Amino acid sequence: MIRIKNERQIEGIRSSCDLLSLLYEKLKLQVQPGNTPKDLDRFAYDFIIKHGGKPAFLGYEGYPATLCISVNEVVIHGIPNDRPFHEGDIVGIDSGINLNGYFSDAAITLPVGSIAQETQKLLKVTRESLELAIEQVKPHARVSDISRAVFSHATKNGFKLVRQYCGHGVGLEIHEDPQIPNYVSPGPNPRLMPGMVIAIEPMINIGTSDVRVLDDDWTVVTMDGSLSAHFEHTVLVTDSGHEVLTKW
Ligand code: MF3
Ligand code: CO
C-alpha cells in the first residue's frame, strides 16, 4: 500500500528532513583524516536527541548505531568503528531521523582530502544519477522512470548498479512501499501521485555490481573490493512536480 500523505503529515516530514539537513551540515565538516566513524556516530546521536528526535536506524531490525558509515568498498550499512579516515578514502554517511513520528532519510558520499580521478568520477556520476532521477519525479510518472534515469546514467559512464538494495517510500515509517530499484525491473511499476514521499538512493560500484554481506550481518561490500558510492534524498511528489526535502 502506497501512502498519500496529507498536509499535516507533510509538514511533520518536512521538519524531520530539515533537522536531518542541519545534521549533515555539521557531519560534513567532520569527514577529516584522523576522525573515526564512531566520532561521527556519537555526534549524530547527541545532536538528534538534543533536538527532540530519535535516530531512525538505531534498533531498526537490530541495527546497532545512529549512522551507517560506509568507507571505500563498503556499499551501505557500515557499522561505525574506530578506524580513522585517511586521505584518499571515500566516506558514505547514511542517516535517518524520527521526529515526532515523522521519518527522514538521506545519504551522501564524501572524499577525504584529495582522491584519485576515477574516484572523483564515481562520486560525480552517482550524484548526477540521483539528480537525473529526481528530475523524473512528477505526478503520473512511473517508478521505472526513476530507475531508468539512474541506470542509464551510471551505465553510460562505465559503472555498475547495485541491484540487491533499493530506494523506498518513507515518511510515517523508515521503509514504506513502493520499492524504488536502481535498474528497470519486471516487478510492480506504480505511478507517482501528489502526496507520495520517496527516498531515491543510487548505489554505484566501479567494478562488479555483485555485493556480499560481512559476518556482522550488516556491512555490505562489493564482491571484488572495488569502490562504491551512495547518495540519497527524501523527495515529495507535488501537484506540479517534486520538492527535495533533504539537503546536504
Ligand atoms: N538508510 C537505509 C535505507 O535507506 C536504512 C538503513 S538500514 C538500518 O534504507 F537498519 F540501518 F536502519
Ligand atoms: Co533509504
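Residues numbered from 1 in each chain as written. Chains lettered and ligands numbered in written order. Predicted model: local features only at pLDDT ≥ 70, side-chain atom pairs only at ≥ 80, totals over all residues. Heavy atoms only, no water.

## Things to note about the state of the cysteines
Put simply, the test is: Any pair of cysteine sulfurs within 2.5 Å is marked as a disulfide.
Taken as a whole and judged by the stated rule, the model has 0 disulfides. Here Cys17 stays free of any disulfide, with the sulfur of Cys68 as its closest cysteine sulfur at 17 Å. Considering cysteine sulfurs only, Cys68 is the nearest to Cys166, which forms no disulfide, with 16 Å between them.

## Brief notes about the environment of Phe43
As a reminder of what qualifies: A helix here means a DSSP run of H or I that spans at least four residues, while a strand means a run of E at least two residues long, and both kinds are numbered starting from the N terminus. Summary of the burial criterion: residues with accessible area below 20% of their type's maximum are buried, those above 50% are exposed, and those between are partly exposed, where the area comes from a 1.4 Å probe applied to protein chains only. Note on definitions: a residue-residue contact is assigned when non-hydrogen atoms from the two residues lie within 4.5 Å.
By the secondary structure assignment, Phe43 is in helix α2 (residues 37–50). A relative accessible area of 28% means that Phe43 is categorised as partly exposed. Each C-alpha atom, one on Phe43 and one on Leu27, is 8.1 Å from the other, the two residues being 16 residues apart in sequence. Other than its neighbours up to four places away in sequence, Phe43 contacts Leu23, Lys26, Leu27 and Gln30.

## Concerning the side chain of Asp41
Where we set the bar: We treat Lys and Arg as the positive residues and Asp and Glu as the negative residues; His and chain ends play no part in the count. A pairing counts as a salt bridge when a side-chain nitrogen of Lys or Arg comes within 4 Å of a carboxyl oxygen of Asp or Glu. Two N or O atoms form a polar contact when they lie within 3.5 Å of each other; inside protein one atom must be a possible hydrogen donor and the other a possible acceptor, and for residues adjacent in sequence the pair counts only when both atoms belong to side chains.
Assignment of secondary structure puts Asp41 in helix α2. At 7.5 Å, Arg42 is the nearest oppositely charged side chain to Asp41, a buried residue that forms no salt bridge. A polar contact is formed between the side chain of Asp41 and the backbone nitrogen of Thr66, at a distance of 3.0 Å.

## Comments concerning the confidence of the model for the chain
Heads up, the condition is: pLDDT expresses how confident the predictor is about each individual residue, on a scale running from 0 to 100.
Within the chain, residue pLDDT values average 98, and 100% of them lie at 70 or more. The weakest mean pLDDT in the chain belongs to strand β8 (residues 176–180) at 97; the strongest belongs to strand β2 (residues 67–71) at 99.

## Let's talk about the site of ligand 1
Definition in use: Being near a molecule or strand, for a residue, comes down to having at least one heavy atom within 4 Å of it. Methods summary: accessible areas were calculated by the Shrake-Rupley approach with a probe of 1.4 Å, and residue burial reflects only the protein chains presented. All amino acids are sorted into three groups, where Ala, Val, Leu, Ile, Met, Phe, Trp, Tyr, Cys and Pro are nonpolar, Asp, Glu, Lys and Arg are charged, and the leftover types, Gly among them, are polar.
Around ligand 1 sit Phe57, Tyr60, Tyr63, Cys68, His77, Asp94, Asp105, His168, His175, Glu201, Trp218 and Glu232, and those are all the residues in its vicinity. Contacts to ligand 1 include Asp94, whose side-chain N or O atom sits 2.7 Å from a nitrogen atom. Within the side chain of His168, one N or O atom sits 3.3 Å away from an oxygen atom of ligand 1. A total of 330 Å² of accessible area belongs to ligand 1 in isolation, and the protein chains cover 95% of it. For the shell around ligand 1, a count of residues per class yields 5 nonpolar, 3 polar and 4 charged.

## Observations regarding the pattern of salt bridges
Here the structure, examined in full by the defined rule, presents 10 salt bridges. Across the pair Arg14 and Glu11 runs a salt bridge whose closest N-O atoms are separated by 3.2 Å. Of this pair, Arg14 and Glu11 both sit in helix α1 (residues 7–28), separated by 3 residues, roughly a single helical turn. The exposure class assigned to Arg14 is partly exposed, which follows from its relative accessible area of 22%. Glu11 sits in the partly exposed class, given a relative accessible area of 39%.

## So, the coordination of the cobalt ion (ligand 2)
Condition: Any N, O or S atom lying within 2.8 Å of the metal counts as a donor, and for Na, K and Ca the limit rises to 3.2 Å; water is left out, so some sites can look incomplete.
Around the cobalt ion (ligand 2), the protein contributes the donor atoms Asp105 (OD), His168 (NE2), Glu201 (OE) and Glu232 (OE), which lie 2.0 to 2.3 Å from the metal centre. For the cobalt ion (ligand 2), the single-chain donor residues occur in sequence as D-x62-H-x32-E-x30-E. Taken together, the positions of His168 in strand β7 (residues 167–169) and Glu232 in the loop between β13 (228–230) and β14 (233–237) put the pair 64 residues apart, joining distant regions of the chain. Assessed through its relative accessible area of 5%, His168 is described here as buried.

## Quick notes on the sheet that holds β14
So the rule is basically this: The pairing criterion for strands is at least two bridges between them, as found by DSSP. Angular values range over 0 to 180 degrees, each being the angle between N-to-C directions of two axes fitted as lines to C-alpha atoms, with helices fitted over their stretch in contact.
The antiparallel open sheet is built from 5 strands, whose spatial order is β8-β7-β9-β14-β15. The two strands at the open ends of the sheet, each matched to only one other strand, are β8 and β15 (242–244). Mean inter-strand twist for the sheet, computed between neighbouring axes without regard to direction, equals 25°. Of the pairings in the sheet, the one linking β7 to β8 comprises 3 bridges and is antiparallel in character. Bridging across to β8, His168 finds its partner in Gln179. Helix α4 (residues 143–156) contacts β8 and β9 (197–200) of the sheet and is inclined by roughly 40° relative to β8.

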